[in-house]
Amino acid sequence: MSKARSRVLVTGGGGFIGSHLCDALLDKGHEVICLDSFITGDRANLEGALGNPNFVMVEGDVEEPMDFDVDFIVHMASPASPVDYSNMPIKTMLANSIGTLRCLELACRRGARMLMSSTSEVYGDPKVSPQGEEYFGNVNPIGPRSCYDEGKRFAEALCKSYEREHGLDVVIVRIFNTYGSRMRSNDGRVIPNFICQALHEDSITIYGDGGQTRSFCFVSDMVRGLTLAMFATEAGGEVINIGNPNEMRVIDLAGRIREKAHSQSEMTFSSLPVDDPLQRRPDIGLAMRLLGWAPEVNIEEGLEDTIAWFKEHR
Ligand code: UDP
């Protein structure tokens, strides 16, 4: 499937995962067009890419009609942290509905493969664990997270509709919690929050009793999984979880970050946000079988790398 050199459109390429994906594709010699409105992305994430002659940055909204001569489209443009999408619920729904439509229209016109970056949020507050791709989820359709959860569920359904009606080559990847360099210190997610709090000796803000679980994937593992899913012929038509199955309680994460940051910060407890999932852990059997993918970076190494980056950049 992967030509020696492919032309790839990455929407949301200025964001945390998107910019790492752009860098990885450029490293492999591909041409990359990054489309980003920078409402949550950051131009600084593209400093390295901008020096590469195979890279083009286009500033704009994915909801606008677009035309690029590409072989692959990776649609990542969307606010993606609970704080961001709660602040911009309409924008979030539009990026995942109209934005996905624009990507699919372009993919049809150009005969390109479409990789939709979906999310573990399609499983909502899951009643089964670990979450396999066949699980339909437990989602509140009108709650504060619904703009993102239902936006992504709509995007998946639209991708499947294009596949059925137009025979489009579509791959859906459900991204689980991911962390690493280039996360914004104010995006509200748990790892940047805890790291910044620990480094500044501020209180570590635990929501609920900290007994809720997440499974954290280091960004280099995520990008390797996305790239494999993008180029593997066998991935066509599949829905694939990519994430690290190493599940931990939020309170234990806080303890590890405090220790690794050599911090004396206290922990404070406040109420759990509405519809905050109590557990999350991916079943990655399909990614292992289909792509030969498994995470390689453990939480210790990943946190050390991320803390070092935050010390220098935030
Ligand atoms: N969380 C927390 N303190 C914070 C930020 C988040 O306890 O300062 C919790 C949050 O309630 C959730 C988990 O950490 O249970 C992960 O939250 P995040 O916003 O990173 O992503 P989510 O997995 O909920 O999309």
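Conventions and cut-offs
- Residues numbered from 1 in each chain as written.
- Predicted model: local features only at pLDDT ≥ 70, side-chain atom pairs only at ≥ 80, totals over all residues.
- Heavy atoms only, no water.
- Near = heavy atom within 4 Å.
- Polar contact = N/O pair within 3.5 Å; in protein donor to acceptor, adjacent residues only side chain to side chain.
- Areas by Shrake-Rupley, 256 points an atom, 1.4 Å probe, with all protein chains shown as cover.
- Helix = DSSP H or I, 4+ residues; strand = E, 2+ residues; numbered from the N terminus.
- Nonpolar A, V, L, I, M, F, W, Y, C, P; charged D, E, K, R; others polar.
- Buried < 20%, exposed > 50% of the residue type's maximum accessible area, 1.4 Å probe, protein only.
- Contact = heavy atoms within 4.5 Å.
- Lys, Arg positive; Asp, Glu negative; His and termini not counted.
- Salt bridge = Lys/Arg side-chain N within 4 Å of Asp/Glu carboxyl O.
- Axes fitted to C-alpha atoms, helices over the stretch in contact; angles between N-to-C directions.
- Parallel < 35°, antiparallel > 145°, perpendicular 65-115°, else oblique.
- Left-handed = near helix turned anticlockwise from the far one by under 90°.
- Pairing = 2+ DSSP bridges.
- 1 Å grid on protein atoms, 1.4 Å probe; cavity = no way out; pocket = protein on both sides within 12 Å on 5 of 7 lines; lining within 4 Å.
- Points joined across faces, edges and corners; volume = space filled by probe spheres on them.
- Phe/Tyr/Trp six-rings, centres within 6.5 Å; stacked < 30°, edge-to-face > 60°.
- Lys NZ or Arg CZ within 6 Å of the ring centre and 35° of its normal.

Draft legend 1. Highlighting the site of the ligand. Residues in contact with the ligand amount to 18 residues; listed here are only the nearest, V190, T205, R214, D276 and R280. A distance of 3.0 Å separates an oxygen atom of the ligand from a polar atom in the side chain of Q212. In isolation the ligand offers 520 Å² of accessible surface; the protein chains occlude 96% of this area. Listing elements by their share of the shell around the ligand, those giving two or more residues are α7 (190–199) and β8 (204–207). For the shell around the ligand, the residue count by class is 7 nonpolar, 5 polar and 6 charged.

Draft legend 2. Expanded view of the side chain of D187. Counting through the fold element by element, D187 comes out in the loop between β7 (178–179) and α7. Classification of D187 by relative accessible area gives buried; the value is 3%. Excluding residues within four positions of it along the chain, D187 makes contact with S81, V83, D84 and P192.

Draft legend 3. Inspection of the side chain of K152 at higher detail. Relative to the helices and strands, K152 is located in helix α6 (residues 146–166). One buried charged residue, K152, remains without a salt bridge, the closest side chain of opposite sign being E156 at 8.6 Å.

Draft legend 4. Structural view of the packing of α7 against helix α11 (residues 299–313). Viewed as axis vectors pointing N to C, α7 and α11 meet at an angle of 60°, and their least axial separation amounts to 10 Å. If you check the angle between α7 and α11, you find them oblique. Regarding α7 and α11, the two cross each other, and that crossing is right-handed. Where α7 approaches α11, its residues I191, P192, I195, C196 and L199 are matched on the opposing element by L303, T306, I307, F310 and K311.

Draft legend 5. Layout of the environment of V128. For V128, the position within the fold is in the loop between β5 (113–119) and α6. On the basis of relative accessible area, V128 is assigned to the partly exposed category, the value being 34%. Between the alpha carbons of V128 and G14 there is a distance of 34 Å; along the sequence they are 114 residues apart.

Draft legend 6. Structural view of the sheet that holds strand β4 (residues 72–75). The parallel open sheet is built from 7 strands, whose spatial order is β3-β2-β1-β4-β5-β6-β11. Strands with a single pairing partner mark the edges of an open sheet, and in this sheet they are β3 (55–59) and β11 (239–242). Across this sheet, the average inter-strand angle for adjacent strands is 20°, counted without regard to direction. Most of the contacts of α6 go to β5, to which it runs at about 155°, and overall it touches β5, β6 (170–175) and β11.

Draft legend 7. Representation of the packing of helix α1 (residues 16–27) against helix α8 (residues 219–231) within the structure. In the contact formed by α1 and α8, the axes pass within 10 Å of each other and the chain directions differ by 65°. Crossing of α1 against α8: the hand is right-handed. Taking contact as the criterion, the partners of F16, I17, H20, L21, A24 and L25 in α1 are, on α8, V219, M222, V223, L226, T227, M230 and F231.

Draft legend 8. Here's a closer look at the layout of surface pockets. Here the second largest pocket is characterised by a volume of approximately 170 Å³. Lining of the second largest pocket is provided by V122, Y123, E133, E134, Y135, F136, R153, E156, R174 and V239. The residue makeup of the lining of the second largest pocket, split by class, is 5 nonpolar, no polar and 5 charged.

Draft legend 9. Inspection of the packing of aromatic side chains at higher detail. Inspection of the entire model under this criterion finds 7 aromatic pairs. Arranged with centres 4.4 Å apart and planes meeting at 10°, the rings of Y85 and Y148 form a pair that is stacked. Taken together, the residues Y85 in helix α3 (residues 82–87) and Y148 in helix α6 connect sequence positions 63 residues apart. When sorted by exposure, Y85 lands in the same class as Y148, which is buried. Judged by centre distance (5.5 Å) and plane angle (65°), the rings of Y179 and F218 are edge-to-face. Separated by 39 residues along the polypeptide, Y179 in strand β7 and F218 in strand β10 (residues 217–218) bring together distant segments of the chain. The class of Y179 is buried, set by a relative accessible area of 1%. When the ring centre of F38 is taken as reference, the NZ or CZ atom of R43 above it lies at 4.3 Å.

Draft legend 10. Up close: the pattern of salt bridges. For the structure on display, the rule yields 26 salt bridges. For R110, the salt bridge is made with D69, and the minimal N-O distance between the two is 3.7 Å. Of the two residues, R110 sits in helix α5 (residues 98–110) while D69 sits in the loop between β3 and β4, which places them 41 residues apart along the sequence. In this structure, the salt-bridge partner of E296 is R224, at a minimum N-O distance of 3.9 Å. Here R224 lies in helix α8 and E296 lies in the loop between α10 (285–291) and α11, a separation of 72 residues in the sequence. Residue classification places E296 among the exposed positions, given a relative accessible area of 60%. For R224, a relative accessible area of 26% translates into the label partly exposed. Connected through salt bridges with shared partners, the residues E121, R145, R214, D276 and R280 form a single ionic network.

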